[in-house]
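Residues per chain, in single letters:
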Amino acid sequence: MLQWWRGHVDGFLEQWFPTSCTRCGSLGGSPCSICIDQFVGAALIPEIPPLKSVAALLRYDETSRPFIADLKYHGGWSVVRGLAPALSFLLEDTVGAQYRDVVLTWAPTIPERARDRGFDQAEVLARELAHRSGLPVRRLLRRLPGEHQTGRNRFERSQGVHFVATGPIPEIVVVLDDVVTTGSTLAAAATVLCEAGALSVFGLALAATPDRSQT
Ligand SMILES: [Zn+2]
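A brief structural summary. Note that the coordinates shown come from a computational prediction; the quantities given were computed from them, not determined experimentally.

Counting secondary structure elements, the protein contains 8 helices and 6 strands. Mapped from its N terminus to its C terminus, the protein presents α and β elements in the order α-α-β-α-α-β-α-α-β-α-β-β-α-β. The proportion of buried residues among the 215 residues of the protein is 48%. The contacts of the protein with a sequence gap of at least 6 include a subset with a gap of at least 24, amounting to 74%. For the protein, the accessible surface area stands at approximately 10,700 Å², while carbon and sulfur atoms represent 54% of it.

Turning our eyes to something else, we now look at the sheet that holds strand 2 (residues 102-106). With parallel pairing, the 4 strands of this open sheet are ordered in space as 1-6-5-2. Of all strands in the sheet, those bounded by a partner on one side alone are strand 1 (54-59) and strand 2. Taken over all neighbouring pairs, the strand axes of this sheet differ in orientation by 20 degrees on average, direction set aside. As paired strands, strand 1 and strand 6 (residues 200-208) are joined by 5 bridges and run parallel to one another. Looking at strand 6, one finds that Arg59 is bridged to Ala208. Taken strand by strand, helix 4 (residues 77-95) contacts strand 1, strand 2, strand 5 (172-180) and strand 6, and its axis lies near 145 degrees from that of strand 6.

As for its placement among the helices and strands, Ser64 is situated in the loop between strand 1 and helix 3 (65-74). C-alpha of Ser64 to C-alpha of Cys35: the two residues are 29 residues apart in sequence and 8.5 Å apart in space. With near-sequence residues (within four places) excluded, Ser64 lies in contact with Phe39, Leu58 and Arg59. Engagement of the side chain of Ser64 in a polar contact is seen with the backbone oxygen of Arg59, the distance being 2.7 Å.

Right, let's get into the coordination of the zinc ion. The coordination sphere of the zinc ion contains the protein donors Cys21 (SG), Cys24 (SG), Cys32 (SG) and Cys35 (SG), at a distance range of 2.3 to 2.4 Å. Angles of 99 to 115 degrees at the metal separate the 4 donor atoms of the zinc ion, which places the site in the tetrahedral class. Here Cys24 falls in the partly exposed class, since its relative accessible area comes to 40%.

Procedures and definitions
Residues numbered from 1 in each chain as written. Predicted model: local features only at pLDDT ≥ 70, side-chain atom pairs only at ≥ 80, totals over all residues. Heavy atoms only, no water. Helix = DSSP H or I, 4+ residues; strand = E, 2+ residues; numbered from the N terminus. Buried < 20%, exposed > 50% of the residue type's maximum accessible area, 1.4 Å probe, protein only. Contact = heavy atoms within 4.5 Å. Areas by Shrake-Rupley, 256 points an atom, 1.4 Å probe, with all protein chains shown as cover. Pairing = 2+ DSSP bridges. Axes fitted to C-alpha atoms, helices over the stretch in contact; angles between N-to-C directions. Polar contact = N/O pair within 3.5 Å; in protein donor to acceptor, adjacent residues only side chain to side chain. Donors = N, O, S within 2.8 Å, 3.2 Å for Na, K, Ca; no water. Tetrahedral: all angles 85-135°; square planar, octahedral: opposite > 155°, others 65-115°.

And the structure:
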């Protein structure tokens, strides 16, 4: 809820104090129209089971990186507001006929990190997308703290990420994350959601690294 307040306050202030672009400093939004023109779309992401499909909006490169960092480290509301319309179209494309039944959620960041920063960037993204698309958003996953090893299988330990499902799980779920690198975070989230009853899980991210095997 605090994040919503922050978004509204930022939107309110923007009328008097226009946002300067995180990357180039131009006034008139972040990303500004000049930087938007320089964005490169993310390449198609190969299958990452058990996800039905995974899509990302932007290639993670020198143009998109400052905006992703703004979201990650400062909760960049301007960035999510600026990119949510395009992400909303991508969501429709990704999910297709199942769109009307989608419940949005996010792959929670490490709890200690979210606590220190006061927000979870993936949640900020999911909530703004819900606002834009009119789709419901729910917290469906809890991420166990980094030091928690009990109950992990070898794969999970090697990936260093472990989620548990919270509450009843809808049939069609879209999991949001800021950046797809190897896809292991989204895969771990989808595995838990499928085990808890989801029939179709899709992944959606703001950006994807061009060669995910390298990261
Ligand atoms: Zn700019």
